[in-house]
Amino acid sequence: MHVTRDFSHYVKDLGAGLKHIDLAVEGVSCAGCMAKIERGLSALPDVTLARVNLTDRRVALEWKQGTLDPAKFIDRLAELGYKAYPFEKASAEATEAEESRFLLRCLGVAAFATMNVMMLSVPVWSGNVSDMLPEQRDFFHWLSAVIALPAVAYAGQPFFRSAWRALKSGNVNMDVPICIGVILALGMSLVETFHHAEHAYFDAAIMLLTFLLVGRYLDQNMRRRTRAVAGNLAALKAETATKFIGADEISEVPVAAIRAGDLVLLRPGERCAVDGVVVEGRSEIDQSLITGETLYVPAEQGTAVYAGSLNISGTLRVRVSAAAEGTLLAEITRLLDNALQARSRYMRLADRASRLYAPVVHATAALTVLGWVLAGASWHDAIVTGIAVLIITCPCALGLAIPTVQTVASGAMFKSGVLLNAGDAIERLAEAEHVIFDKTGTLTLPELEVVNAADIPADVFALAGQLALSSHHPVAAAVAQAAKARSPLMGAVEEPGQGVRAVVDGVEIRLGRPAFCGAEALAVQNANLDPEASVVAFRRGSDTFLFSVRQGLRPDAAKIVAGLQRRGIKVEILSGDREAAVAAAAKALGIDEWRASVTPADKIARIEELKRAGVKVMMVGDGMNDAPSLAAAHVSMSPISAAHLSQATADLVFLGRPLAPVLAAVDYARKALHLMRQNLWLAVGYNVLAVPLAISGLVTPLIAAAAMSGSSILVMLNALRARKVAGEAVSWK
Amino acid sequence: MEVMIILVPLALALGLAGLVGFLWSLKSGQYEDLEGAAWRAIADDDEPAPAQPEAAPGRP
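Per chain, residues are indexed from 1 in the order of the written sequence. Starting at A for chains and at 1 for ligands, labels are handed out in the order in which the entities are written. The predicted origin of the model limits local features to residues at a pLDDT of at least 70 and limits the giving and counting of side-chain atom pairs to 80 or more, whereas totals for whole chains, interfaces and linings rest on all residues. Working from all heavy atoms in the structure, the side-chain values ignore hydrogens and water.

Before going further, it helps to spend a moment on the overall build of chain B. Numbered from the N terminus, helices here are DSSP runs of H or I no shorter than four residues, and strands are runs of E no shorter than two. From N to C terminus, chain B includes two helices and zero strands. For chain B, with 60 residues in total, the buried portion stands at 20%. For the area figures, the Shrake-Rupley method with a 1.4 Å probe applies, and any residue is considered shielded solely by the protein chains shown. Put simply, chain B shows about 4,400 Å² of open surface, and 68% of that area lies on carbon and sulfur atoms. Classification of residues uses two cut-offs on accessible area relative to the type maximum, computed with a 1.4 Å probe and protein chains only: under 20% is buried, over 50% is exposed, and between them is partly exposed.

Here we take up the overall build of chain A. A count of helical and extended segments in chain A gives 25 helices and 28 strands. Along the first, second and third principal axes, the C-alpha set of chain A runs to 110 × 65 × 45 Å. Taking all 733 residues of chain A together, 53% fall into the buried category. Sequence-distant contacts, at least 24 apart, represent 69% of the contacts inside chain A between residues at least 6 apart. For chain A, the exposed area adds up to about 31,000 Å²; of that, 59% sits on carbon and sulfur atoms. Separation of charge centres in chain A, based on 70 positive and 72 negative side chains, amounts to 3 Å. Residue contacts follow a heavy-atom distance rule, with two residues in contact if any of their heavy atoms lie within 4.5 Å. This count recognises Lys and Arg as positive and Asp and Glu as negative, with His and chain-terminal groups excluded. Charge positions come from single atoms, namely NZ of Lys, CZ of Arg, CG of Asp or CD of Glu.

Next up on the list: the environment of Ala719 of chain A. All names here are of chain A. Inspection of the secondary structure puts Ala719 in helix α25 (residues 701–719). As a C-alpha pair, Ala719 and Val405 span 314 residues in sequence and 4.6 Å in three-dimensional space. Setting aside residues up to four positions removed in sequence, Ala719 forms contacts with Thr404, Val405, Val408, Leu675 and Asn679.

It is worth spelling out the sheet that holds strand β20 (residues 499–504) of chain A at this point. Residues and elements named next belong to chain A. Pairing is antiparallel across the open sheet formed by six strands, whose spatial order is β18-β23-β22-β21-β20-β19. Of all the strands in the sheet, the pair left with one neighbour each is β18 (444–450) and β19 (493–495). Across the sheet, the mean angle separating the axes of adjacent strands is 20 degrees when strand polarity is ignored. Strand pairing follows a simple DSSP-based rule, namely that at least 2 bridges must link the two strands. Examined bridge by bridge, β19 and β20 share three bridges and lie antiparallel to one another. By the bridge assignment, Glu495 is partnered in β20 with Gly499. Its contacts with the sheet place helix α16 (residues 474–482) against β18, β21 (507–512), β22 (534–540) and β23 (543–553), and it is angled at close to 75 degrees to β18. Note on geometry: axes are lines fitted to C-alpha atoms, helical ones only across the stretch in contact, with angles between N-to-C directions running from 0 to 180 degrees.

Another point: the UniProt feature "transmembrane region" (unreviewed entry) in chain B. UniProt positions are given in the numbering used here, feature names are shortened, and annotations may be inferred rather than shown by experiment. Following the UniProt record, the feature "transmembrane region" (unreviewed entry) maps to residues 6–26 of chain B here. For residues 6–26 of chain B, helix accounts for 100% and strand for 0%, while the C-alpha atoms at its two ends are 30 Å apart.

A separate point is the interface of chain B and chain A. Counting residues at the interface gives 29 residues for chain B and 35 residues for chain A. When two components associate, each loses some accessible surface as probed by a 1.4 Å sphere; the sum of these losses over both components is called the buried area. Both sides together, the interface formed by chain B and chain A hides about 2,800 Å², and carbon and sulfur atoms give 63% of it. The salt bridge criterion pairs a side-chain nitrogen of Lys or Arg with a carboxyl oxygen of Asp or Glu, the two atoms within 4 Å. At the junction of chain B and chain A, the tally comes to two salt bridges. Glu38 of chain A is the salt-bridge partner of Arg40 of chain B, the closest N and O atoms lying 2.9 Å from each other. Two N or O atoms form a polar contact when they lie within 3.5 Å of each other; inside protein one atom must be a possible hydrogen donor and the other a possible acceptor, and for residues adjacent in sequence the pair counts only when both atoms belong to side chains. At the junction of chain B with chain A, the criterion picks out five residue pairs in polar contact (both at pLDDT 80 or more).

Moving on, we get to the confidence of the model for chain A. All names here are of chain A. The pLDDT value expresses, per residue, how confident the predictor is, ranging between 0 and 100. Counting all residues, the mean pLDDT for chain A is 82, and 92% of those residues have values of 70 or more. Model confidence for chain A, summarised as mean pLDDT per element, is weakest for helix α9 (residues 328–343) at 55 and strongest for strand β17 (residues 434–437) at 93. Across residues 323–327, where pLDDT falls below 50, the model places two contacts with residues more than four positions away in sequence or in other chains.

Residue and element names in this part refer to chain A. Enumeration over the complete set of coordinates arrives at 23 salt bridges over all chains. Here Asp651 ties to Arg428 by a salt bridge, and the two come within 3.0 Å at their closest N and O atoms. With a gap of 223 residues between them, Asp651 in the loop between α23 (644–649) and β28 (652–654) and Arg428 in helix α13 (residues 425–430) connect regions that are remote in the sequence. No difference in accessibility class separates Asp651 from Arg428, as the two residues are buried. Close ionic contact of Arg510 with Glu508 constitutes a salt bridge, the shortest N to O distance being 3.2 Å. Using a relative accessible area of 34% as the deciding quantity, one classes Glu508 as partly exposed. Among the charged side chains, a network of salt bridges with common partners joins Glu572, Glu593, Arg606 and Glu609.

With that settled, the discussion passes to the pairing of strand β11 (residues 283–286) of chain A. All names here are of chain A. Direction of pairing for β11 relative to strand β12 (residues 297–299): antiparallel, over a ladder of three bridges. Residue pairing for β12: Ser283 is matched across the bridge by Ala299. Across two bridges, β11 lies against strand β14 (residues 310–311) in antiparallel orientation. From the neighbouring strand, Ile285 faces β14, where its bridge partner is Asn311.

A separate point is the domain arrangement of chain A. Domains are outlined according to an automatic or database domain assignment. If you check the domain split of chain A, you get domain 1 (1–88), domain 2 (237–322), domain 3 (407–445 + 554–670) and domain 4 (447–551). Once you take the C-alpha centre of each, domain 1 of chain A and domain 4 of chain A turn out to be 40 Å apart.

Working definition: the strands of a sheet are paired by backbone hydrogen bonds and lie parallel or antiparallel to each other. All names here are of chain A. With mixed pairing, seven strands are arranged side by side in an open sheet as β16-β28-β27-β26-β17-β24-β25. Looking at which strands have only one partner, the edges of the open sheet turn out to be β16 (418–420) and β25 (593–595). Each adjacent strand pair in this sheet contributes to an overall mean axis angle of 20 degrees, direction not counted. Inspection of the sheet shows strand β26 (residues 617–620) paired to strand β27 (residues 635–639) by three bridges, in the parallel sense. Across the sheet, residue Val620 finds its bridge partner in β27, namely Met637.

This paragraph deals with the packing of aromatic side chains. Any two rings among Phe, Tyr and Trp, with Trp reduced to its six-membered ring, count as a pair given centres within 6.5 Å; such a pair is stacked if its planes are under 30 degrees apart, edge-to-face if over 60, and tilted if neither. Overall, the coordinates contain seven aromatic pairs over all chains when judged by the stated rule. Counting every residue linked through ring pairs, the aromatic cluster contains Phe112 of chain A together with Phe22 and Tyr31 of chain B. For Arg510 of chain A, the ring lying beneath its charged end belongs to Phe516 of chain A, and the centroid distance is 4.5 Å. Charges are assigned to positions over rings by a cutoff of 6 Å between ring centre and Lys NZ or Arg CZ, combined with an angular limit of 35 degrees from the ring normal.

Further remarks concern helix α2 (residues 71–80) of chain A. For α2 of chain A, the set of buried residues is Ala71, Phe73, Ile74, Leu77 and Leu80 of chain A. A positive backbone phi angle near 100 degrees is found at Gly81 of chain A, which sits one or two residues after α2 of chain A.

What follows is about the pairing of strand β9 (residues 263–266) of chain A. Residue and element names in this part refer to chain A. Burial along β9 is two-sided: the residues Leu263 and Leu265 and Val264 and Leu266 are all buried. Bridge count between strand β7 (residues 240–244) and β9: two bridges; the pairing is antiparallel. When the bridges of β9 are listed, Lys243 appears paired with Val264. Relative to strand β15 (residues 316–320), β9 runs antiparallel, the two sharing four bridges. The partner of Val264 across the bridge, within β15, is Val318.

Okay, the nonpolar core next. All names here are of chain A. The term nonpolar core refers to a set of buried residues drawn from Ala, Val, Leu, Ile, Met, Phe, Trp, Tyr and Cys, joined through side-chain atoms within 4.5 Å. Residues Tyr201, Met413, Leu429, Phe437, Met618, Met637 and Leu652 are the most contacted members of the largest nonpolar core, which totals 132 residues. Per-element tally for this core: the top contributor is helix α24 (residues 660–695), with 18 residues. If sequence neighbours within four positions are ignored, Met413 has contacts with Val418, Leu420, Ile426, Leu429, Leu652, Ala665, Tyr668 and Ala669. Core analysis: the next-biggest nonpolar cluster, separate from the first, contains 27 residues, Phe7, Leu44, Val47 and Ile74 among them.

Residues and elements named next belong to chain A. Positive phi outside glycine occurs at Asp46, with the angle close to 80 degrees. Tracing the chain through its elements places Asp46 in the loop between α1 (31–42) and β4 (47–53). According to the relative accessible area criterion, Asp46 is partly exposed, its value standing at 34%. We note that His196 has phi near 55 degrees; this positive angle belongs to a residue other than glycine.

This is the structure we're talking about:
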């Protein structure tokens, strides 16, 4: 059978005989990598463009239509030492990128307008206390109006739209007082300029928008960047399926190009990327990613297999099924939808603050107007003072208080191996007081490891590792990895479903099932000692050995669990695995609360029970069976090795082998929430100082501008503190 | 104060030129990869650079 790789799904036709493809590349980190990749790819004939984007870790390629196969680029990058895979921008990511560009354009317009209006305002402020002629002042005011009005109309769009959306649905968000403040400030300034008055607030209005746009842009850019990274990770998982394109001809195609009814090949050691039914072949499959159960399940004609199942011993042909009602996936998706709906009701700190803020501000302004009128001032003066109150209270620092902290904290989390999926995840994570861990793949590593390596002579281990390289079986792969074997043995023969054998120096060696190696007695003995381990036997001449293989705990799991407990967070294990396996893990980690053999519905029930008791639950899990509970929990986290669905559901995703990022994320989130609150108080404190001045009618445009920039800078500087957390340094690498 | 007749329009024109320049740089994709741009500036030129069109990062 001949295998071809077909990436035509990802290739875009640019017209004029040019083709385009985007590749996600792993491990690009510096100028050297960039030059190496660009040179290496440009050297291929017919390539017209090869450009690395270091921020998003991607390569854009263009070539002349013809004989060049896109698979060639991937091979070339592999030769250069980089893992790459074609990449399709999710529509969500494209929207985020477009929004990000729009905000930057608004920010540019607002910033240039601010600079120019300021250039005109400073002479007015100094002229007001010296010898400026009223005509000159009017001229400068009119010029400011000509710059500020169109700039606000353009750069204010994000705020106007958001405020309008909120008002239409009967809500109030932070953008409502912003819009009212800006519009009133501009309107009043126009009227005042018309009447040759001394003060106009064009500068304050446009400066306010500039500062707020900085916050918006930072927020948006953080979201765009996490999405790009998440997109790369998904692409680099390189989920392909081996599809039959003829009776005996197969082709490797991306999962996105597989349709229901297609026939795919599943070889030993491969992870199934689709849902389907076995039509031919006999094997064992590992469904631990889906159910949490670590025992292998036999598969034969008619067995349903799900995306994420690992094929162990035999080759299977699978007919891809449409997600029918009542399948495991459909059931999980239904639970997921319900849970996600419930969570969308969480109200972010910023929204809660603005819900309090808007009425207070507007009431203060209205009372100021009334107060001055009652005190005998003219309506004109009273309204001008009222609007000054609105301008000075416009939530400039308030609008920056949260996004700046979020940007800094997410950057710090990113460095310690945590990616944010949801914008409000930091706030919710900081509140977590009870962590529920899934066992398989979360507390344990997804790969298998040899647990009795110390009992086996080194030369035997090395030889077994070399032989294991010739097998597709995942357990054998674990032996090969543990032995750090590099060179496979010549002439090794694999007997499907049994093992591999070879002849070395005239002695036959075998690796495989205990029966294949004549090591049944050892296997029985081991089964009594360690019932959860998978075994693989090895025979050299007449000597037999047994490798005991199982998923090991993450190296620092015990330390991290202890760290969480020290921070006053309760830790619990809910696993779909057998009782003996869960009990052993719980004991090793010092966790008192655990439950085994739980179904996805049981997990949700437990979370709901805790929720009713008022406990904020964080769920950490990787399996597809965890996805609904990830969604049901107050906040959720998944390792990067997790099933697709869980990763998409989780608020945070952590990288690497250690569990340390979980603890780091909690620390950063707590620090960040603390700083967000502190920033809100700083912003409120500034208002407490400035509002009495505004009410008493003493605020001039100069004071407004100084107060606004002063408080904004203070809040931004305070946000920078989110970069560091006290306590132990944690690393995920 | 007649000098203002020249200086004010000049200042505004310069400001406008700056804005147009910024919008152009944004449109030509110069903010798509800030990290890469930082490294490209200090990359060694001693090896012959590959033929590269002066276009924006490839977008369809």
